[in-house]
Amino acid sequence: MRYERPTTLKAAAQMLAKEKGQAFILAGGTDLLVRLRTGFIEPDLIVDIKSISGTKAIQKTATGFRIGAAVSGAELGENAALKKAWPGVVEAANLIGSKQVQGRCTMTGNLCNASPAADSVPALVAAGAKAVIVGPKGKRTVAVEEIPVGPGKTSLKKGEIIESIVLPKRAPKSGDAYLRFIPRSEMDIAVVGVGVNVTLDGKGVVTKARVALGAVAPTVRLVPEAAKALIGTKMDKAALDALAAACSAACSPIDDKRGTREFRIKVAGVLARRAALIARKRAGGK
Ligand SMILES: Cc1cc2nc3c(=O)[nH]c(=O)nc-3n(C[C@H](O)[C@H](O)[C@H](O)COP(=O)(O)OP(=O)(O)OC[C@H]3O[C@@H](n4cnc5c(N)ncnc54)[C@H](O)[C@@H]3O)c2cc1C
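Residues numbered from 1 in each chain as written. Predicted model: local features only at pLDDT ≥ 70, side-chain atom pairs only at ≥ 80, totals over all residues. Heavy atoms only, no water.

### Structural notes on the pattern of salt bridges
Now for step 1: Under the definition given, this model contains 17 salt bridges.
Now for step 2: Taking the shortest distance from any N to any O, the salt bridge between Arg5 and Asp48 comes out at 2.9 Å. With Arg5 in the loop between strand 1 (2–4) and helix 1 (9–18) and Asp48 in strand 3 (residues 45–48), this pair connects stretches of sequence that are 43 residues apart.
Now for step 3: The exposure class assigned to Asp48 is buried, which follows from its relative accessible area of 2%. (Salt bridge = Lys/Arg side-chain N within 4 Å of Asp/Glu carboxyl O. Helix = DSSP H or I, 4+ residues; strand = E, 2+ residues; numbered from the N terminus. Buried < 20%, exposed > 50% of the residue type's maximum accessible area, 1.4 Å probe, protein only.)

### Overview of helix 10 (residues 237–249)
Now for step 1: Between its first and last C-alpha, helix 10 extends 18 Å over 13 residues, near the 18 Å set by a 1.5 Å rise per residue.
Now for step 2: Residues of helix 10 that are buried: Ala239, Leu240, Leu243, Ala244, Ala246, Cys247 and Ser248.
Now for step 3: Buried positions along helix 10 lie against strand 13 (206–214), helix 9 (224–230) and helix 11 (261–282). (Expected span 1.5 Å × (residues − 1). Contact = heavy atoms within 4.5 Å.)

### Observations regarding the state of the cysteines
Now for step 1: Using the criterion set out here, one finds 0 disulfides in the structure.
Now for step 2: Of all cysteine sulfurs, the one in Cys105 lies closest to Cys112, which takes part in no disulfide; the gap is 14 Å.
Now for step 3: A residue is classified by how much of its surface remains accessible, and Cys112, at 27% relative accessible area, is partly exposed.
Now for step 4: We note that Cys247 lacks a disulfide partner, and the nearest cysteine sulfur, in Cys251, lies 7.1 Å from it. (Disulfide = S-S within 2.5 Å.)

### Observations regarding the site of the ligand
Now for step 1: Around the ligand, 30 residues are found, and the nearest of them are Ile25, Thr30, Asp31, Leu32 and Thr106.
Now for step 2: Contacts to the ligand include Ile25, whose backbone N or O atom sits 2.6 Å from an oxygen atom.
Now for step 3: Protein contact buries 87% of the 990 Å² of open area that the ligand shows by itself.
Now for step 4: Listed by contribution, the elements that provide at least two residues to the shell around the ligand are strand 2 (23–26), helix 2 (32–37), helix 7 (107–112) and strand 10 (161–168).
Now for step 5: A total of 4 residues in the shell around the ligand trace back to one element, the largest contributor, which is helix 7. (Near = heavy atom within 4 Å. Polar contact = N/O pair within 3.5 Å; in protein donor to acceptor, adjacent residues only side chain to side chain. Areas by Shrake-Rupley, 256 points an atom, 1.4 Å probe, with all protein chains shown as cover.)

### Structural notes on the pairing of strand 7 (residues 138–143)
Along any regular strand, the residues point their side chains to alternate faces of the sheet.
Now for step 1: Pairing of strand 6 (residues 130–135) with strand 7, which is carried by 6 bridges, proceeds in the antiparallel orientation. Its bridge partner being in strand 7, Ile133 is matched across the sheet by Arg140. (Pairing = 2+ DSSP bridges.)

### Things to note about the packing of helix 5 (residues 87–94) against helix 8 (residues 120–127)
Now for step 1: Two elements in contact, helix 5 and helix 8, have axes whose closest approach is 8 Å; the angle formed by their N-to-C orientations is 165°. One way to sum up the angle between helix 5 and helix 8 is to call them roughly antiparallel. For helix 5 against helix 8, the interelement crossing comes out left-handed. Here Gly88, Val89, Ala92 and Ala93 of helix 5 come into contact with helix 8, specifically with Ser120, Ala123, Leu124 and Ala127.
Now for step 2: Of the residues belonging to the contact of helix 5 with helix 8, the class tally is 6 nonpolar, 2 polar and no charged. (Axes fitted to C-alpha atoms, helices over the stretch in contact; angles between N-to-C directions. Parallel < 35°, antiparallel > 145°, perpendicular 65-115°, else oblique. Left-handed = near helix turned anticlockwise from the far one by under 90°. Nonpolar A, V, L, I, M, F, W, Y, C, P; charged D, E, K, R; others polar.)

### Concerning the sheet that holds strand 4 (residues 58–61)
Now for step 1: With respect to topology, 5 strands assemble into an open sheet ordered 4-5-10-6-7, the strand pairing being antiparallel. Here the strands that pair on one side only, and so sit at the sheet edges, are strand 4 and strand 7. Each adjacent strand pair in this sheet contributes to an overall mean axis angle of 25°, direction not counted.

### So, the packing of aromatic side chains
Now for step 1: Counted according to the given criterion, the structure contains 1 aromatic pair.
Now for step 2: With centroids separated by 5.2 Å and ring planes inclined at 70°, the aromatic side chains of Phe181 and Phe263 adopt a geometry described as edge-to-face. On the criterion of sequence distance, the pair formed by Phe181 in strand 11 (residues 174–181) and Phe263 in helix 11 is long-range, its members being 82 residues apart.
Now for step 3: For Phe263, a relative accessible area of 32% corresponds to the partly exposed category.
Now for step 4: The cationic tip of Arg170 hangs over the ring face of Trp86; the distance from NZ or CZ to the ring centre is 3.5 Å. (Phe/Tyr/Trp six-rings, centres within 6.5 Å; stacked < 30°, edge-to-face > 60°. Lys NZ or Arg CZ within 6 Å of the ring centre and 35° of its normal.)

### Digging into the pairing of strand 11
Now for step 1: In terms of burial, strand 11 is a largely internal element, 6 of the 8 residues being buried.
Now for step 2: Pairing between strand 11 and strand 12 (residues 192–200): 8 bridges, direction antiparallel. Residue pairing for strand 12: Arg180 is matched across the bridge by Gly193.

### Overview of the packing of helix 10 against helix 11
Now for step 1: Viewed as axis vectors pointing N to C, helix 10 and helix 11 meet at an angle of 140°, and their least axial separation amounts to 8 Å. In terms of axis orientation, helix 10 runs oblique to helix 11. For the pair helix 10 and helix 11, the crossing hand works out as right-handed. The residues of helix 11 that touch helix 10, namely those facing Leu240, Asp241, Leu243, Ala244, Cys247 and Ser248, are Ile265, Lys266, Ala268, Gly269, Ala272, Arg273, Ala276 and Leu277.
Now for step 2: Residue classes in the contact of helix 10 with helix 11 are distributed as 9 nonpolar, 2 polar and 3 charged.

### Details of the sheet that holds strand 14 (residues 221–222)
Now for step 1: Pairing within the open sheet is antiparallel, and its 4 strands lie in the order 11-12-13-14. Because the sheet does not close on itself, it has two edges, and the strands there are strand 11 and strand 14.
Now for step 2: Across 2 bridges, strand 13 lies against strand 14 in antiparallel orientation. Among the inter-strand pairings, Leu213 is bridged to a residue of strand 14, identified as Arg221.
Now for step 3: Along the sheet, helix 8 makes contact with strand 11, strand 12, strand 13 and strand 14, crossing strand 13 at roughly 155°.

Interpretation in functional terms is not warranted from these geometric data alone.
As structure tokens, this is what we get:
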């Protein structure tokens, strides 16, 4: 097994594209190293991206935020401007693992590990985040929801690396939130996760919304019907009932030891209501 630590994205993409055996990108390693040590994978090449310029940076830009692919959960939590603009995204990323895991784990790794229960992904999808991808054929930008295509599978092609995640500029009176249900108080995999992102007008009426669900389908699911239930309302009881019903209807979960199908379907609606109210409060609504 070869370990490489290139300093440019071009060199990293070339190494990955040329490798004939199994090649993996290493960001924080909190998924990759576990899979390696438990024998699920036997890489021929590991390309560590942490020395590539820009991968450890969080930048506020004219169009929002650019978060480098190797930025850890802890670094996200320490960035006051990002936390103020996107508290839901940061709280979702900060739920990953423990203090030790936070020092390493990245949102890009969480996305590319392609677990349906990945905590940061519903919040990123609700935020309308995009992934900037660099590969042998150049650069492309896609919506984050297009990256995971099934449990453990992504749409990334050979040699492609996500160099950053971009979050759009915030409109005034906007807020987001992420909630998950786990059987324990921490260090567990989401049984259901919900991300909600809303923008209000001066009267507190929702003008824009995005709602995404995790752990209730093979991939994180954007639920446009749930967003429609909120838009044009002040999130009264009828709107929240419609939101909960739309979220429950969008679930096609599995049964497992941590939650039955029925439980997941019900909890998706319950968490969506709660997350929507937190997002509204953060947007300055009452
Ligand atoms: C103790 C423990 C607790 C955990 N708790 C949680 C939890 O509560 N919630 C949760 O969602 N997850 C949890 N995880 C899983 C893991 O920590 C997260 O998925 C984390 O965000 C992965 O990030 P990473 O940078 O460590 O990824 P890595 O392990 O470095 O990479 C993960 C995958 O993504 C690929 N990859 C990484 N970066 C890129 C890139 N830039 N471009 C393309 N592909 C890339 C890698 O090749 C690999 O296949 C936990 C893990 C552990 C060990």
